[in-house]
Amino acid sequence: MWNLEAIVARAQVDFGAAGDPASLENAKARYLGKSGELTALLKTLGTLPADERKSAGAAINAAKERLEQALDARRAELAGEKLAARLAEEALDVTLPARGRTRGGVHPVMRTWQRIETIFQSIGFDIADGPEIETDWYNFTALNNPENHPARSMQDTFYVDMKDVDGKQLLLRTHTSPMQVRYARLHRPPIKVIAPGRTYRVDSDATHSPMFHQVEGLWIDEQVSFADLKGVYTDFLRRFFETDDLQVRFRPSYFPFTEPSAEIDMKFDSGPHKGRWLEISGSGQVHPDVVRNFGLDPERYIGFAFGSGLERLTMLRYGIDDLRLFFEGDLRFLKQFS
Ligand code: PHE
(Lines give C-alpha, C1' and ligand atoms only; values in the text may rest on other atoms or scores of the structure.)
Protein backbone atom coordinates (compact mmCIF):
# COMPACT_ATOMS: atom_id res chain seq x y z
CA MET A 1 0.00 0.00 0.00
CA TRP A 2 0.95 3.70 -0.25
CA ASN A 3 3.17 5.21 2.36
CA LEU A 4 0.57 7.58 3.85
CA GLU A 5 2.60 7.95 7.03
CA ALA A 6 5.51 9.41 5.03
CA ILE A 7 3.24 11.86 3.22
CA VAL A 8 1.69 13.06 6.49
CA ALA A 9 5.12 13.49 8.06
CA ARG A 10 6.38 15.53 5.05
CA ALA A 11 3.28 17.68 5.06
CA GLN A 12 3.69 18.42 8.76
CA VAL A 13 7.29 19.54 8.19
CA ASP A 14 6.20 21.71 5.20
CA PHE A 15 3.39 23.34 7.17
CA GLY A 16 5.72 24.03 10.06
CA ALA A 17 8.22 25.62 7.68
CA ALA A 18 5.62 28.00 6.18
CA GLY A 19 6.39 31.37 7.75
CA ASP A 20 3.25 33.24 6.67
CA PRO A 21 -0.36 32.49 5.68
CA ALA A 22 0.35 32.66 1.93
CA SER A 23 3.12 30.06 1.95
CA LEU A 24 1.02 27.88 4.26
CA GLU A 25 -1.83 27.90 1.72
CA ASN A 26 0.69 27.02 -1.01
CA ALA A 27 1.93 24.07 1.04
CA LYS A 28 -1.66 22.98 1.61
CA ALA A 29 -2.25 22.96 -2.17
CA ARG A 30 0.67 20.58 -2.68
CA TYR A 31 -1.16 17.94 -0.62
CA LEU A 32 -4.85 18.73 -0.64
CA GLY A 33 -5.23 20.90 -3.76
CA LYS A 34 -6.72 19.79 -7.07
CA SER A 35 -3.48 18.15 -8.13
CA GLY A 36 -2.18 17.61 -4.59
CA GLU A 37 -0.60 14.33 -3.51
CA LEU A 38 -3.52 13.05 -1.42
CA THR A 39 -6.06 14.16 -4.00
CA ALA A 40 -4.15 12.17 -6.62
CA LEU A 41 -4.26 9.08 -4.43
CA LEU A 42 -8.01 9.45 -3.90
CA LYS A 43 -8.46 9.52 -7.67
CA THR A 44 -6.73 6.12 -8.00
CA LEU A 45 -9.13 4.48 -5.54
CA GLY A 46 -11.30 3.27 -8.42
CA THR A 47 -8.46 1.23 -9.88
CA LEU A 48 -8.16 -0.86 -6.71
CA PRO A 49 -9.83 -4.24 -6.31
CA ALA A 50 -13.22 -3.85 -4.63
CA ASP A 51 -12.21 -5.52 -1.36
CA GLU A 52 -9.28 -3.09 -0.87
CA ARG A 53 -11.15 0.06 -1.80
CA LYS A 54 -12.95 0.56 1.48
CA SER A 55 -9.94 0.32 3.77
CA ALA A 56 -7.74 2.33 1.40
CA GLY A 57 -10.36 5.07 1.24
CA ALA A 58 -10.62 5.15 5.04
CA ALA A 59 -6.83 5.36 5.36
CA ILE A 60 -6.61 8.28 2.94
CA ASN A 61 -9.42 10.10 4.70
CA ALA A 62 -7.72 9.61 8.05
CA ALA A 63 -4.48 11.01 6.60
CA LYS A 64 -6.44 13.92 5.13
CA GLU A 65 -7.95 14.67 8.50
CA ARG A 66 -4.54 14.73 10.15
CA LEU A 67 -3.33 17.17 7.49
CA GLU A 68 -6.34 19.42 8.10
CA GLN A 69 -5.62 19.39 11.81
CA ALA A 70 -1.96 20.22 11.23
CA LEU A 71 -3.06 23.05 8.91
CA ASP A 72 -5.48 24.51 11.43
CA ALA A 73 -2.87 24.34 14.15
CA ARG A 74 -0.30 26.15 11.99
CA ARG A 75 -2.87 28.74 10.90
CA ALA A 76 -3.62 29.53 14.52
CA GLU A 77 0.08 29.72 15.30
CA LEU A 78 0.74 32.18 12.48
CA ALA A 79 -2.19 34.37 13.50
CA GLY A 80 -0.87 34.38 17.07
CA GLU A 81 2.58 35.41 15.87
CA LYS A 82 1.11 38.25 13.84
CA LEU A 83 -0.86 39.55 16.80
CA ALA A 84 2.17 39.28 19.07
CA ALA A 85 4.27 41.22 16.55
CA ARG A 86 1.64 43.95 16.32
CA LEU A 87 1.34 44.21 20.07
CA ALA A 88 5.11 44.47 20.40
CA GLU A 89 5.27 47.12 17.69
CA GLU A 90 2.46 49.22 19.12
CA ALA A 91 3.49 48.81 22.71
CA LEU A 92 2.98 51.90 24.84
CA ASP A 93 5.44 52.74 27.52
CA VAL A 94 2.97 53.74 30.22
CA THR A 95 5.83 54.83 32.48
CA LEU A 96 6.80 57.73 30.14
CA PRO A 97 6.10 61.18 31.62
CA ALA A 98 2.97 62.84 30.21
CA ARG A 99 3.29 65.66 27.67
CA GLY A 100 1.32 67.98 29.88
CA ARG A 101 -1.09 70.67 28.84
CA THR A 102 0.48 73.71 27.22
CA ARG A 103 -1.22 77.03 27.56
CA GLY A 104 -2.39 78.86 24.45
CA GLY A 105 -1.80 82.57 24.04
CA VAL A 106 -3.19 85.50 22.12
CA HIS A 107 -1.01 86.56 19.18
CA PRO A 108 0.63 89.95 19.83
CA VAL A 109 -1.12 91.55 16.83
CA MET A 110 -4.46 90.26 18.15
CA ARG A 111 -3.62 91.75 21.53
CA THR A 112 -3.17 95.09 19.82
CA TRP A 113 -6.47 94.55 17.99
CA GLN A 114 -8.25 93.87 21.31
CA ARG A 115 -6.63 96.84 23.05
CA ILE A 116 -7.65 99.18 20.23
CA GLU A 117 -11.25 97.94 20.40
CA THR A 118 -11.36 98.46 24.15
CA ILE A 119 -9.95 101.97 23.94
CA PHE A 120 -12.24 103.17 21.15
CA GLN A 121 -15.28 101.46 22.61
CA SER A 122 -14.70 103.42 25.81
CA ILE A 123 -15.12 106.69 23.89
CA GLY A 124 -18.28 105.61 22.09
CA PHE A 125 -16.98 104.11 18.85
CA ASP A 126 -18.83 101.19 17.29
CA ILE A 127 -16.82 98.25 15.95
CA ALA A 128 -17.45 96.97 12.42
CA ASP A 129 -16.18 94.08 10.38
CA GLY A 130 -16.21 93.74 6.61
CA PRO A 131 -15.16 91.62 3.65
CA GLU A 132 -11.52 91.02 2.77
CA ILE A 133 -12.50 90.30 -0.84
CA GLU A 134 -13.69 93.66 -2.14
CA THR A 135 -15.10 95.20 -5.24
CA ASP A 136 -13.13 97.76 -7.21
CA TRP A 137 -15.80 100.32 -6.35
CA TYR A 138 -15.53 100.05 -2.55
CA ASN A 139 -11.76 99.68 -2.49
CA PHE A 140 -10.96 102.44 -5.00
CA THR A 141 -13.72 104.30 -6.85
CA ALA A 142 -15.95 105.18 -3.90
CA LEU A 143 -12.83 106.46 -2.16
CA ASN A 144 -12.22 108.98 -4.91
CA ASN A 145 -9.34 106.98 -6.29
CA PRO A 146 -8.83 108.06 -9.91
CA GLU A 147 -9.04 105.28 -12.49
CA ASN A 148 -5.33 105.55 -13.35
CA HIS A 149 -4.07 105.73 -9.74
CA PRO A 150 -0.99 103.51 -9.25
CA ALA A 151 -2.58 101.76 -6.25
CA ARG A 152 -4.81 99.95 -8.72
CA SER A 153 -1.99 98.45 -10.72
CA MET A 154 -1.56 94.69 -10.83
CA GLN A 155 1.71 95.05 -8.92
CA ASP A 156 0.10 96.51 -5.82
CA THR A 157 -3.10 94.53 -5.59
CA PHE A 158 -4.07 90.87 -5.43
CA TYR A 159 -6.90 90.24 -7.85
CA VAL A 160 -9.38 87.40 -7.56
CA ASP A 161 -10.37 85.47 -10.66
CA MET A 162 -14.00 86.55 -10.45
CA LYS A 163 -15.93 89.61 -11.56
CA ASP A 164 -18.44 91.79 -9.74
CA VAL A 165 -21.72 93.19 -11.11
CA ASP A 166 -19.81 96.06 -12.75
CA GLY A 167 -17.71 93.53 -14.66
CA LYS A 168 -14.65 94.50 -12.61
CA GLN A 169 -12.36 91.93 -11.12
CA LEU A 170 -12.75 91.35 -7.39
CA LEU A 171 -9.68 92.02 -5.28
CA LEU A 172 -8.23 91.59 -1.82
CA ARG A 173 -8.77 94.92 -0.08
CA THR A 174 -5.57 96.97 0.02
CA HIS A 175 -6.71 98.93 3.08
CA THR A 176 -9.60 99.00 5.56
CA SER A 177 -10.91 102.27 4.07
CA PRO A 178 -13.68 100.55 2.04
CA MET A 179 -15.25 99.96 5.44
CA GLN A 180 -15.82 103.71 5.76
CA VAL A 181 -18.16 103.51 2.78
CA ARG A 182 -19.78 100.20 3.70
CA TYR A 183 -20.52 101.30 7.25
CA ALA A 184 -21.61 104.86 6.41
CA ARG A 185 -24.07 103.65 3.78
CA LEU A 186 -25.79 101.50 6.39
CA HIS A 187 -25.89 103.94 9.31
CA ARG A 188 -27.19 107.43 9.94
CA PRO A 189 -24.94 110.13 11.48
CA PRO A 190 -23.48 110.54 13.98
CA ILE A 191 -21.23 107.86 12.55
CA LYS A 192 -18.48 106.83 14.91
CA VAL A 193 -16.80 103.55 14.10
CA ILE A 194 -13.57 101.65 13.94
CA ALA A 195 -13.05 98.69 11.59
CA PRO A 196 -10.01 96.55 12.30
CA GLY A 197 -9.10 93.77 9.91
CA ARG A 198 -6.79 92.06 7.47
CA THR A 199 -5.50 93.86 4.40
CA TYR A 200 -3.36 92.76 1.45
CA ARG A 201 -0.71 94.19 -0.83
CA VAL A 202 1.85 92.71 -3.20
CA ASP A 203 4.77 93.57 -0.96
CA SER A 204 7.16 91.47 1.11
CA ASP A 205 10.30 92.40 3.07
CA ALA A 206 11.40 93.12 6.65
CA THR A 207 8.84 95.90 7.01
CA HIS A 208 6.12 94.75 4.58
CA SER A 209 4.03 91.62 4.51
CA PRO A 210 1.56 90.65 1.74
CA MET A 211 -1.05 90.26 4.49
CA PHE A 212 -1.15 92.76 7.32
CA HIS A 213 -3.66 94.43 9.61
CA GLN A 214 -5.13 97.87 9.73
CA VAL A 215 -7.69 99.65 11.81
CA GLU A 216 -9.91 102.19 10.12
CA GLY A 217 -11.48 104.98 12.13
CA LEU A 218 -14.36 107.18 10.99
CA TRP A 219 -16.26 109.94 12.76
CA ILE A 220 -18.87 111.83 10.76
CA ASP A 221 -21.33 114.34 12.18
CA GLU A 222 -22.35 117.95 11.65
CA GLN A 223 -19.37 119.51 13.38
CA VAL A 224 -16.49 117.09 13.59
CA SER A 225 -13.25 118.92 12.96
CA PHE A 226 -9.58 118.24 12.45
CA ALA A 227 -9.11 119.29 16.08
CA ASP A 228 -11.30 116.34 17.08
CA LEU A 229 -9.06 114.02 15.04
CA LYS A 230 -6.02 115.38 16.85
CA GLY A 231 -7.63 114.98 20.25
CA VAL A 232 -9.02 111.51 19.66
CA TYR A 233 -5.88 110.12 18.08
CA THR A 234 -3.45 111.64 20.59
CA ASP A 235 -5.56 110.30 23.45
CA PHE A 236 -5.65 106.89 21.77
CA LEU A 237 -1.85 106.76 21.44
CA ARG A 238 -1.31 107.75 25.07
CA ARG A 239 -3.67 105.07 26.24
CA PHE A 240 -2.35 102.47 23.83
CA PHE A 241 1.28 102.98 24.86
CA GLU A 242 0.28 103.68 28.47
CA THR A 243 2.33 106.86 28.65
CA ASP A 244 1.77 110.59 28.40
CA ASP A 245 5.43 110.89 27.55
CA LEU A 246 4.87 111.06 23.80
CA GLN A 247 4.29 113.74 21.19
CA VAL A 248 2.07 113.61 18.14
CA ARG A 249 2.49 115.57 14.94
CA PHE A 250 0.29 115.86 11.86
CA ARG A 251 2.39 116.09 8.71
CA PRO A 252 0.67 117.22 5.50
CA SER A 253 0.20 114.36 3.07
CA TYR A 254 -2.04 113.14 0.30
CA PHE A 255 -4.81 110.57 0.10
CA PRO A 256 -7.49 110.79 -2.59
CA PHE A 257 -10.26 110.20 -0.02
CA THR A 258 -9.28 112.90 2.48
CA GLU A 259 -8.73 116.64 2.13
CA PRO A 260 -6.73 117.88 3.88
CA SER A 261 -4.71 114.75 4.52
CA ALA A 262 -2.08 114.13 7.14
CA GLU A 263 0.42 111.52 8.11
CA ILE A 264 0.35 111.05 11.89
CA ASP A 265 3.83 110.81 13.41
CA MET A 266 4.63 110.19 17.04
CA LYS A 267 7.73 110.55 19.18
CA PHE A 268 8.44 108.97 22.54
CA ASP A 269 10.14 111.26 25.05
CA SER A 270 11.45 108.26 27.01
CA GLY A 271 12.07 104.55 26.50
CA PRO A 272 13.92 102.64 23.77
CA HIS A 273 12.43 104.60 20.83
CA LYS A 274 13.03 107.96 22.48
CA GLY A 275 13.64 110.97 20.28
CA ARG A 276 12.79 109.60 16.81
CA TRP A 277 9.66 110.63 14.88
CA LEU A 278 7.79 107.50 13.79
CA GLU A 279 5.11 107.36 11.12
CA ILE A 280 2.08 105.67 12.60
CA SER A 281 -1.06 106.38 10.58
CA GLY A 282 -2.69 107.99 7.57
CA SER A 283 -5.53 110.36 8.29
CA GLY A 284 -7.52 113.33 7.12
CA GLN A 285 -10.82 115.09 6.77
CA VAL A 286 -13.11 112.96 4.65
CA HIS A 287 -13.30 114.31 1.10
CA PRO A 288 -16.70 115.78 0.12
CA ASP A 289 -16.97 113.36 -2.82
CA VAL A 290 -16.52 110.44 -0.44
CA VAL A 291 -19.15 111.87 1.93
CA ARG A 292 -21.43 111.94 -1.11
CA ASN A 293 -20.65 108.28 -1.74
CA PHE A 294 -21.69 107.63 1.86
CA GLY A 295 -25.11 108.84 0.69
CA LEU A 296 -24.76 112.03 2.76
CA ASP A 297 -24.78 115.74 1.94
CA PRO A 298 -21.22 117.08 2.30
CA GLU A 299 -22.65 120.56 2.93
CA ARG A 300 -24.09 119.20 6.14
CA TYR A 301 -21.86 116.33 7.21
CA ILE A 302 -18.15 116.46 7.86
CA GLY A 303 -15.64 114.41 9.75
CA PHE A 304 -12.35 112.57 9.82
CA ALA A 305 -10.92 109.19 9.06
CA PHE A 306 -7.70 107.45 9.89
CA GLY A 307 -6.08 104.16 8.96
CA SER A 308 -3.31 102.71 11.13
CA GLY A 309 -1.17 99.60 10.82
CA LEU A 310 -1.62 97.12 13.67
CA GLU A 311 1.77 95.48 13.12
CA ARG A 312 3.46 98.86 13.37
CA LEU A 313 1.74 99.70 16.66
CA THR A 314 2.57 96.25 18.02
CA MET A 315 6.24 96.49 17.04
CA LEU A 316 6.56 99.83 18.82
CA ARG A 317 4.75 98.68 21.91
CA TYR A 318 6.87 95.57 22.39
CA GLY A 319 10.13 96.65 20.74
CA ILE A 320 9.96 94.09 17.88
CA ASP A 321 12.23 94.95 14.97
CA ASP A 322 11.27 92.44 12.25
CA LEU A 323 7.71 92.27 10.95
CA ARG A 324 8.19 88.69 9.68
CA LEU A 325 8.34 87.38 13.26
CA PHE A 326 4.58 87.90 13.45
CA PHE A 327 3.87 85.42 10.67
CA GLU A 328 6.42 82.64 11.24
CA GLY A 329 4.54 80.98 14.10
CA ASP A 330 7.76 80.43 16.06
CA LEU A 331 6.74 79.54 19.61
CA ARG A 332 9.96 80.96 21.06
CA PHE A 333 8.74 84.36 19.85
CA LEU A 334 5.03 83.93 20.51
CA LYS A 335 5.45 82.56 24.05
CA GLN A 336 6.87 85.88 25.17
CA PHE A 337 3.40 87.36 24.86
CA SER A 338 1.29 84.67 26.52
N1 PHE B 1 -6.12 103.88 3.70
C2 PHE B 1 -4.90 104.61 3.89
C3 PHE B 1 -3.71 103.66 3.69
O4 PHE B 1 -3.89 102.48 3.72
C5 PHE B 1 -4.82 105.22 5.26
C6 PHE B 1 -5.86 106.27 5.52
C7 PHE B 1 -7.06 105.94 6.09
C8 PHE B 1 -5.63 107.59 5.21
C9 PHE B 1 -8.03 106.91 6.35
C10 PHE B 1 -6.57 108.56 5.44
C11 PHE B 1 -7.76 108.21 6.02
O12 PHE B 1 -2.60 104.10 3.49
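Computed from a prediction, not measured in an experiment: that's the story for all the values here.

Caption draft 1: Quick look at the sheet that holds strand E3 (residues 159–163). With respect to topology, three strands assemble into an open sheet ordered E2-E4-E3, the strand pairing being antiparallel. Each having just a single partner strand, strand E2 (133–134) and E3 make up the two edges of the open sheet. In terms of strand pairing, E3 meets strand E4 (residues 169–172) through two bridges, oriented antiparallel. Paired with Lys163 across the bridge in E4 is Gln169.

Caption draft 2: Structural context of the side chain of Ser283. You can see Ser283 is positioned in strand E9 (residues 278–286). Here Ser283 is in contact with Leu229, Phe250, Phe255, Thr258, Ser261, Ala262, Ile264, Ala305 and Phe306, once residues within four sequence places are set aside.

Caption draft 3: Molecular detail of the domain arrangement of the protein. Taken domain by domain, the protein consists of domain 1 (4–89) and domain 2 (108–337). In this structure, domain 1 and domain 2 have C-alpha centres spaced 84 Å apart.

Caption draft 4: Here's a closer look at helix H3 (residues 37–44). Every buried residue of H3 is listed here: Leu38, Thr39 and Leu41. Looking straight down H3, one finds that the buried residues subtend no more than 160° of arc, so they occupy a single side. Buried residues in H3 make contact with helix H1 (4–17), helix H2 (21–32) and helix H4 (50–89).

Caption draft 5: Main features of the site of the ligand. Near the ligand you find 14 residues, and of these His175, Ser177, Arg201, Gln214 and Gly307 are the closest. Here an oxygen atom of the ligand sits 3.0 Å away from a polar atom, N or O, in the side chain of Arg201. Mapped by element, the contributors of at least two residues to the shell around the ligand are strand E6 (211–221), E9 and strand E10 (302–309). Considering each element in turn, the shell around the ligand owes the most residues, three residues, to E10. Each residue belonging to the shell around the ligand can be placed in one class, and the counts come to four nonpolar, eight polar and two charged.

Caption draft 6: Region of interest: the nonpolar core. The biggest cluster of nonpolar side chains holds 37 residues, and the ones touching the most others in it are Ile116, Phe120, Phe236, Leu237, Phe241, Ile280 and Leu313. The element that contributes the greatest number of residues to this core is helix H8 (residues 226–240), accounting for six residues.

Caption draft 7: Highlighting the environment of Leu87. Position of Leu87 among the secondary structure elements: in helix H4. Taking C-alpha positions, Leu87 is 35 Å from Gly104, a pair spaced 17 residues apart along the chain.

Caption draft 8: Just H2, in detail. Counted at 1.5 Å a residue, the expected span for H2 with its 12 residues is 16 Å, and the 16 Å between its end C-alpha atoms agrees. The set of residues buried in H2 consists of Leu24, Ala27, Tyr31 and Leu32. Seen along its axis, H2 keeps its buried residues to an arc of 110°; they face one direction. Looking at the buried residues of H2, the elements they touch are H1, H3 and H4.

Caption draft 9: How the structure looks around the sheet that holds strand E5 (residues 191–200). The sheet built from seven strands is open, its strands ordered E1-E5-E6-E10-E9-E8-E7 with mixed pairing. The open sheet has two edge strands, strand E1 (126–127) and strand E7 (246–255), and neither has a second partner. Here E9 runs beside E10; their pairing, made up of five bridges, is antiparallel. For Ser281, the partnering residue across the bridge sits in E10 and is Ser308.

Caption draft 10: Inspection of the packing of helix H5 (residues 108–122) against helix H10 (residues 310–318) at higher detail. For the pair H5 and H10, the least separation of the axes is 9 Å and the interaxial angle reads 100°. By the angle between their axes, H5 is roughly perpendicular relative to H10. Each of Pro108, Val109, Arg111, Thr112, Trp113, Arg115 and Ile116 in H5 lies in contact with H10, whose residues at this interface are Leu310, Glu311, Leu313, Thr314, Arg317 and Tyr318.

Each value, and the rule that gives it
- Residues numbered from 1 in each chain as written.
- Predicted model: local features only at pLDDT ≥ 70, side-chain atom pairs only at ≥ 80, totals over all residues.
- Heavy atoms only, no water.
- Pairing = 2+ DSSP bridges.
- Helix = DSSP H or I, 4+ residues; strand = E, 2+ residues; numbered from the N terminus.
- Contact = heavy atoms within 4.5 Å.
- Domains from an automatic or database assignment.
- Buried < 20%, exposed > 50% of the residue type's maximum accessible area, 1.4 Å probe, protein only.
- Arc of directions from axis to C-beta.
- Near = heavy atom within 4 Å.
- Polar contact = N/O pair within 3.5 Å; in protein donor to acceptor, adjacent residues only side chain to side chain.
- Nonpolar A, V, L, I, M, F, W, Y, C, P; charged D, E, K, R; others polar.
- Core = buried A, V, L, I, M, F, W, Y, C linked by side-chain atoms within 4.5 Å.
- Expected span 1.5 Å × (residues − 1).
- Axes fitted to C-alpha atoms, helices over the stretch in contact; angles between N-to-C directions.
- Parallel < 35°, antiparallel > 145°, perpendicular 65-115°, else oblique.

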